[in-house]
Amino acid sequence: MIGQFVRLTGRGLADFALHPVAQLLTLVAVGMVTLLTGLILLGLHNVNLELLKSRGQAEFQMYWKMGLSAEEVHTDWETLRAMDHLDSFTTYTPESALTELTSTLGETGDFAWLAKENPLPYSGLASFKVPPDAQADGWASALLTRIKGLPGVEKVNYTPFQADLAQGWMTLAGAIIWPILGFLALIVSLVVHNTIKLSLMTRMDEVEILSLVGARPGYIRWPLLTGGFIQGVLGSGLGLGLLALVHSLTADALNYPPFFIEIAFLPFDQLVMLGGAVTFVAMASSWVAVK
């Protein structure tokens, strides 16, 4: 049984020599599609890395109620400083806020006459780093609710920067990038499918004779399925090799001021998934053609 299995597999490998040009063109086509898919994944991977590296920022401008004592406001400030993911927290007393306003407006903004009856409240500007899972669990909304719930806070202005950018990127990836990858998988399947059909047409007499003499379907189909598997393995290997070459030539393309972005290669698990997906599509296409 094992010997027959090995012989049939050897036949599938030997069939490559029957149509070398067609097989070579198929390998090149599968390799190019793998390369194109890998480039898209490489770009997606590096954009995700940059978003996770900066993690975005969410800024909250807070104003406390008028008439609060300094101790009450300082208690809220200490609560804010203890919150997770806080990146910076700038506070303003009514006096420092008035001084800041005067210095900003220059000579046209002399508000010294307001010093005795200062109308400005305690205020603060808190900047939080957006964690990677922020879009999944409503982190920003929960944080906004938590800040508004502080005893002395009267008003909060919320400015989501890269948090909205990250959400927009995720929407774009789901709406455009993954359908493109699916389209490339369809191209691979069509290329391999047509190549296997061409091989079957040239071997139609042989297949008919084998059927007439009582050969089992597995005996006839296995060499052809082996060919689809080899095309998938070699084609995906060719594409991944070209992807590694392209990456080595462009890894430092943006590694200069002011970007300082070093393009990272795909992690091993994504490489295995890409190669396995291409091989699986090639085998599935071969199966459909043989059927």
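Here the residue index of a chain counts from 1 through its sequence in written order. Residue-level local features of this predicted model are given only where pLDDT is at least 70; pairs of side-chain atoms are given and counted only at 80 or more, and the full residue set underlies all totals for whole chains, interfaces and linings. As a rule here, side-chain values come from all non-hydrogen atoms in the structure, and water together with hydrogens is ignored.

Looking at an unreviewed UniProt entry, one finds the chain named Cell division protein FtsX and attributed to Pseudodesulfovibrio piezophilus. UniProt positions are given in the numbering used here, feature names are shortened, and annotations may be inferred rather than shown by experiment. Listed in UniProt under the heading Subcellular location (unreviewed entry), the comment for the chain reads: "Cell membrane". Quoted verbatim from the Sequence similarities (unreviewed entry) heading of the UniProt record, the comment on the chain is "Belongs to the ABC-4 integral membrane protein family. FtsX subfamily."

So, on to the overall build of the chain. For the chain, the count of helices and strands is 10 helices and four strands. Put simply, DSSP H or I for four residues or longer makes a helix, DSSP E for two residues or longer makes a strand, and each gets a number counted from the N terminus. Put simply, the chain runs from its N terminus to its C terminus through helices and strands in the order α-α-β-α-β-α-β-α-α-β-α-α-α-α. With a 1.4 Å probe rolled over the protein chains alone, any residue whose accessible area is under 20% of its type maximum counts as buried; one over 50% counts as exposed, and the rest are partly exposed. When the 291 residues of the chain are sorted by exposure, 36% land in the buried category. Residue contacts are defined here by distance: any two heavy atoms, one from each residue, within 4.5 Å place the two residues in contact. When contacts within the chain are restricted to residue pairs at least 6 apart in sequence, long-range pairs at least 24 apart make up 83% of them.

Our next topic: the side chain of aspartate 76. Position of aspartate 76 among the secondary structure elements: in helix 3 (residues 70-81). The charge count treats Lys and Arg as positive and Asp and Glu as negative. His and the chain ends do not count. Definition used for salt bridges: Asp or Glu carboxyl oxygen within 4 Å of a side-chain nitrogen of Lys or Arg. Of the side chains bearing the opposite charge, lysine 65 lies closest to the buried aspartate 76, which forms no salt bridge; the N-O distance is 8.3 Å. Apart from residues no more than four positions distant in its own chain, aspartate 76 is found in contact with Trp64, Leu150, Pro151, Gly152 and Val153.

Counting buried positions along strand 3 (residues 123-129) yields five of seven residues, so the element is predominantly enclosed. One requirement defines pairing of two strands: DSSP has to find at least two bridges between them. Relative to strand 3, strand 1 (residues 57-64) runs antiparallel, the two sharing seven bridges. Paired with glutamine 61 across the bridge in strand 3 is leucine 125. Examined bridge by bridge, strand 2 (residues 86-92) and strand 3 share six bridges and lie antiparallel to one another. Its bridge partner being in strand 3, threonine 90 is matched across the sheet by leucine 125.

Bringing helix 6 (residues 139-148) into the picture now. Trp139, Ala140, Leu143, Leu144 and Ile147 are the residues of helix 6 that are buried. Down the axis of helix 6, the sector holding all buried residues measures 130°, keeping them to one side. Exposed residues lying more than 90 degrees from the buried face of helix 6 are Ser141 and Thr145. This arc corresponds to the set of directions leading from the helix axis out to the C-beta atoms.

Moving on, we get to the pattern of salt bridges. One pass over the full model with this rule turns up one salt bridge. The residue arginine 81 makes a salt bridge to glutamate 78 at a minimum N-O spacing of 3.2 Å. A residue pair is termed a helical-turn pair when its members lie 3 or 4 positions apart in one helix, as arginine 81 and glutamate 78 do in helix 3 at three residues.

What follows deals with a nonpolar patch on the surface. On the surface, Leu24, Val28, Met32 and Leu238 cluster together to form a nonpolar patch covering roughly 330 Å² of accessible area. With respect to the helices and strands, valine 28 occurs in helix 2 (residues 20-54). Valine 28 sits in the partly exposed class, given a relative accessible area of 36%. The patches described consist of residues with a relative accessible area above 30% and no salt bridge, like charges being joined within 9 Å and nonpolar side chains (Val, Leu, Ile, Met, Phe, Trp, Tyr) within 5 Å. Working definition of accessibility: Shrake-Rupley area with a 1.4 Å probe, residue cover restricted to the visible protein chains.

All right, on to the environment of alanine 244 then. As for its position among the elements, alanine 244 is in helix 9 (residues 217-250). Under the relative-accessibility criterion, alanine 244 is labelled partly exposed at 34%. Distance from alanine 244 to phenylalanine 265, taken between C-alpha atoms, is 7.7 Å for residues 21 residues apart in sequence.

Turning our attention to the nonpolar core. Counting 21 residues, the largest nonpolar core has Phe60, Met62, Trp64, Leu80, Phe128 and Ile147 as the members making the most contacts within it. Listing elements by their share of this core, those giving two or more residues are strand 1, helix 3, strand 3, helix 6 and strand 4 (153-160). Top contributing element to this core by residue count: helix 6, with five residues. Beyond its immediate chain neighbours, meaning those up to four positions away, phenylalanine 60 contacts Gly124, Leu125, Ala126, Phe128, Ala140, Leu143, Leu144, Ile147, Val156, Asn157 and Tyr158. In terms of nonpolar packing, the next biggest core, distinct from the first, is built from 17 residues, Leu35, Val188, Leu271 and Leu274 among them. For our purposes a nonpolar core is just a set of buried Ala, Val, Leu, Ile, Met, Phe, Trp, Tyr and Cys residues, chained together by side-chain atoms within 4.5 Å.

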